[in-house]
Amino acid sequence: MAAIAVAVLGALGVLVLLHQPLAAVATLVAAVSAALLGAPTVRRIRAADTPSTPPTPRIDDVLEAIVEPVLLVAQGRVTIANRAARQLLGAHVVGQDVRLAIRHPAAAERLAAPAGEAAAEPLTLVGVGGLDQRWEMRITDTPDGYRVVHLIDQTGNYAAERMRVDFVANASHELRTPLASILGFIETLSDEAGDDPMIRGQFLKVRFDEARRMQRLVEDLISLSRIEAEKYRLPDRAVDLADLIEEIRAELNDTGDPRACDIVIDVDMSVPAVNGDRVQLSQALHNLIGNAMKYGRAGTPVTVRLWQDLSGMARISVEDEGDGIPPEHIPRLTERFYRVDAGRSRTLGGTGLGLAIVKHIIERHRGRLDIASTLGRGTTVTVLMPFAEPLSSGRNESVTRPRVSL
Ligand code: ADP
């Protein structure tokens, strides 16, 4: 605005002093235009002066910030290896021929390819940094002759994919066996054997048992997928564990299972409620008590204890007097379909999914599962559940037998 006022005064000056109206108008237009065009120019210059562009970062620092191994290669030699690459391949790789640095035949062949050709498809490398480690190697050639070698860890993805494939194969196999048996008996019954009422009765029982086995399996599969779907939703209902244990004992009594009368309950009624999903916790305890009833010797007690330990956790233990579990099997018991003795598990009506379900439920509750077993003596499975608030008083029991946390 000040510039325009000066322009108007200038034009008036020309008119008054020189008595030339045309010159006065020209002066006014030129001065106002200059004022108007000048303003943004000034603003642009100021904007450019502001130090808004940060300095270019050093390439070492940028590569160092990447969590996956990255190598910068010039004329076949490693010029920079970021921290992850040094941890994986060793700090000595800097300066080395990149084919020696990675030490993998397929990688060496790909790295020998000329610029532009090496970058084709990502390459899978097995065994770099560890026997079962899997990496995806990606190569990018820069226009100024550098080569960036990026290793992406695929070990976890590969293991998850293998687990999924194994799971589908196992589940199909588990379902196919009883189905084949049912179909076989139906075929036999449709022949002349079906005329004999005794054989018909026997076959009917077998078919019923096999169908029940399929039903248990399908129910467990559905449970597993439901629990997995809720994995990240923290349960938020108050569950009184003492009350829940009593309820389960009553339910087991109602089933008429002769082992139900061997259940001994030893609960501390003052244990505060935990945050939980009552239906899921009931399922987990049913599975643990069910296993103790199945695998414990007939007539021996199945003891269920509940107490509060010094670390501010609720502890539930289920103890049986059975043959026990050989220690090498213990770490794998929570894998789906893992059984110590598949024949025995099937005869006893097991699906091989019980402990996998327990593990997922306890994980969702941010709890812990411990399995301790002594051959010939029996097994104790302990579940630890955090209270909403840490508690300081209570009773603590140390388990002296070998144990594994799962
Ligand atoms: P299953 O339906 O076969 O019982 P689980 O997942 O519940 O499947 O248990 C996996 C395996 O762990 C069982 O097949 C059995 O070999 C072993 N197991 C589980 N609980 C006990 C126990 N209390 N005593 C001995 N072995 C057990």
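Cut-offs used in this document
- Residues numbered from 1 in each chain as written.
- Predicted model: local features only at pLDDT ≥ 70, side-chain atom pairs only at ≥ 80, totals over all residues.
- Heavy atoms only, no water.
- Helix = DSSP H or I, 4+ residues; strand = E, 2+ residues; numbered from the N terminus.
- Buried < 20%, exposed > 50% of the residue type's maximum accessible area, 1.4 Å probe, protein only.
- Areas by Shrake-Rupley, 256 points an atom, 1.4 Å probe, with all protein chains shown as cover.
- Pairing = 2+ DSSP bridges.
- Axes fitted to C-alpha atoms, helices over the stretch in contact; angles between N-to-C directions.
- Polar contact = N/O pair within 3.5 Å; in protein donor to acceptor, adjacent residues only side chain to side chain.
- Contact = heavy atoms within 4.5 Å.
- Near = heavy atom within 4 Å.
- Core = buried A, V, L, I, M, F, W, Y, C linked by side-chain atoms within 4.5 Å.
- Domains from an automatic or database assignment.
- pLDDT = per-residue confidence, 0-100.
- Phe/Tyr/Trp six-rings, centres within 6.5 Å; stacked < 30°, edge-to-face > 60°.
- Lys NZ or Arg CZ within 6 Å of the ring centre and 35° of its normal.

### Thoughts on the overall build of the protein chain
Looking only at helices and strands, the protein chain has 12 helices and 13 strands in total. Within the protein chain, the proportion of its 406 residues that are buried is 36%. Of the roughly 23400 Å² of accessible surface on the protein chain, a fraction of 58% belongs to carbon and sulfur atoms.

### With respect to the sheet that holds strand β4 (residues 134-141)
Read across the open sheet, the 5 strands follow the order β2-β1-β5-β4-β3; overall the sheet is antiparallel. Only two strands of the sheet have a single neighbouring strand rather than two, namely β2 (77-81) and β3 (123-126). Averaged over all pairs of adjacent strands, the angle between their axes in this sheet comes to 30°, without regard to strand direction. Sheet topology note: the β3/β4 ladder contains 4 bridges and is antiparallel.

### Some points on unusual backbone geometry
Residue F337 is not a glycine yet carries a positive backbone phi of 70°. F337 sits in the buried class, given a relative accessible area of 10%. Even without a glycine there, the phi angle at R366 is positive, about 55°. As for its position among the elements, R366 is in the loop between α12 (354-364) and β11 (368-374).

### Comments concerning the side chain of E136
Within the fold, E136 resides in strand β4. Classification of E136 by relative accessible area gives buried; the value is 16%. Side-chain polar atoms of E136 contact the side chain of R138, separated by 2.7 Å. Contacts of E136, omitting those with residues within four sequence positions, involve P122, L123, H150, L151, I152 and Q154.

### Examining the site of the ligand
N291, Y295, S345, T351 and L355 are the nearest of the 17 residues found near the ligand. Between the ligand and the protein, one listed contact pairs an oxygen atom with a side-chain N or O atom of S345 at 2.6 Å. Backbone polar atom of L355 to an oxygen atom of the ligand: 2.8 Å apart, as the coordinates give it. Of all elements in the fold, only α10 (278-295) and α12 reach the threshold of two or more residues within the shell around the ligand.

### Re the nonpolar core
Counting 47 residues, the largest nonpolar core has L241, V274, L281, I289 and I316 as its most contacted members. Sorting elements by how many residues they give to this core places α10 first, with 7 residues. Split by domain, the residues of this core number at least three in each of domain 3 (157-228) and domain 4 (234-405). Filtering out sequence-adjacent residues up to four positions away, V274 remains in contact with R237, A238, V239, L241, L281, A314, M385, P386 and F387. Of all hydrophobic cores here, the second largest spans 23 residues; its members include L89, I102, L111 and M137.

### Some words on the confidence of the model for the protein chain
Residues of the protein chain with pLDDT of at least 70 account for 82%, and the chain-wide mean is 85. In this model residues 1-48 is a low-confidence stretch, pLDDT under 50, and it forms 22 contacts with partners more than four residues away in sequence or in other chains. Here residues 390-406 is modelled with pLDDT under 50, and outside its nearest four sequence neighbours on either side it reaches 44 contacts, counting other chains as well.

### Comments concerning the packing of aromatic side chains
All chains considered together, the criterion is met by 2 aromatic pairs. Ring geometry for F185 and F203: centres 4.7 Å apart, planes at 70°, overall edge-to-face. Within this pair, whereas F185 is found in helix α7 (residues 155-190), its partner F203 is found in helix α8 (residues 197-229), the two being separated by 18 residues in sequence. Judged by relative accessible area, F203 falls into the buried class, the value being 16%. The ring of Y158 carries R134 above its face, with NZ or CZ at 3.6 Å from the centroid. Across from the ring centre of F167, 4.6 Å away, lies the NZ or CZ of R336, which sits over that ring.

### Section: the environment of G324
The topology assignment puts G324 in the loop between β10 (313-319) and α11 (342-347). The partly exposed category is assigned to G324, whose relative accessible area is 23%. For the pair G324 and T374, spaced 50 residues apart in sequence, the C-alpha separation works out to 5.3 Å. Those residues in contact with G324, other than ones at most four positions away along the chain, are S373, T374, L375, G376, G378 and T379.

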